[in-house]
Amino acid sequence: GMSEALFNISSALHQEGATRMGLIYTRMALALRPDFPIALALIAEIFDMQGRSEEAIEIYEAIPADSPYRGLVDLRIALNLEALGRTDEAIARLEQLAKDNSERFDVLISLGDIWRGKEDFIKAVKAYDRAIERIGKLEKQHWALLYARGIALERSGEWPQAETDFLRALELSADQPY
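Within each chain, residue numbers correspond to sequence positions counted from 1 in written order. Per-residue local features are limited, in this predicted model, to residues with pLDDT of at least 70; the limit for side-chain atom pairs, both in listing and counting, is 80 or more; totals at the level of whole chains, interfaces and linings are taken over all residues. Note that the side-chain values use all heavy atoms of the structure and ignore hydrogens as well as water.

Asker: Tell me about the packing of aromatic side chains, and please be specific about residues and values.
Answerer: A pair of aromatic rings is counted whenever rings of Phe, Tyr or Trp (Trp by its six-membered ring) have centres within 6.5 Å, and the orientation is called stacked for planes under 30 degrees apart, edge-to-face for over 60 and tilted otherwise. Enumeration according to the criterion identifies six aromatic pairs in this entry. Between Trp143 and Tyr147, the aromatic rings sit 6.2 Å apart at their centres with planes inclined by 55 degrees, giving tilted as the arrangement. Of this pair, Trp143 and Tyr147 both sit in helix α9 (residues 143–155), four residues apart, which is roughly one turn of the helix. A relative accessible area of 15% means that Trp143 is categorised as buried. We classify Tyr147 as partly exposed; its relative accessible area is 24%. Ring centres 6.3 Å apart and planes at 20 degrees place the aromatic pair Trp143 and Tyr178 in the stacked group. Residue Trp143 is found in helix α9, and its partner Tyr178 is found in the segment after α10 (159–172); the two are separated by 35 residues along the sequence. Burial here depends on accessible area, computed with a 1.4 Å probe over protein chains only, as a share of the maximum for the residue type. Under 20% is buried, over 50% is exposed, and the range in between is partly exposed. Given the relative accessible area of 68%, Tyr178 is considered exposed. Among the aromatic residues, those joined into a ring-pair cluster are Trp143, Tyr147, Trp159, Phe166 and Tyr178. It is Arg33 that lies over the ring of Phe36; its NZ or CZ is 4.2 Å from the centre. Numbered from the N terminus, helices here are DSSP runs of H or I no shorter than four residues, and strands are runs of E no shorter than two. Two conditions define a charge sitting above a ring: the NZ of Lys or the CZ of Arg must be within 6 Å of the ring centre, and it must be within 35 degrees of the ring normal.

Such coordinate-based values are descriptive only and should not be taken to indicate function.
Now the structure itself:
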């Protein structure tokens, strides 16, 4: 109980931007309960925010495979690998996540974002296509996916298809400045 109370304090401090104090309280929570996966995830998230990607990965890897947070953790590890310039590892991890979790589209969006950042727009479009296929019916919250795919399509010389995505994104969320 004390561990959870300390974690709640640390979470509130983190949300208020007091990450150093939040980190201290989270460490105290873990001292009382070392097998507290959400506390480990919070420490790793704080390290993420501080640009300490290697340390974040190390903490994320300590979260058990059967934890309900593991799906988010695996995605975060891949994004940290990309931040460290270990793109091939990040891509491999995202592809494995996509293969192991046929309902998840977020990993495919992240994969598309990596390819787009590397200016491999054709591979980005393919990843975004796979994400859209998994989503099925696109709704308002998916406008950014269409926008990202539209950019990748435009950059790969497919303007008519890009325009279709841009117009659909605008239709889904007309107030977006992008």
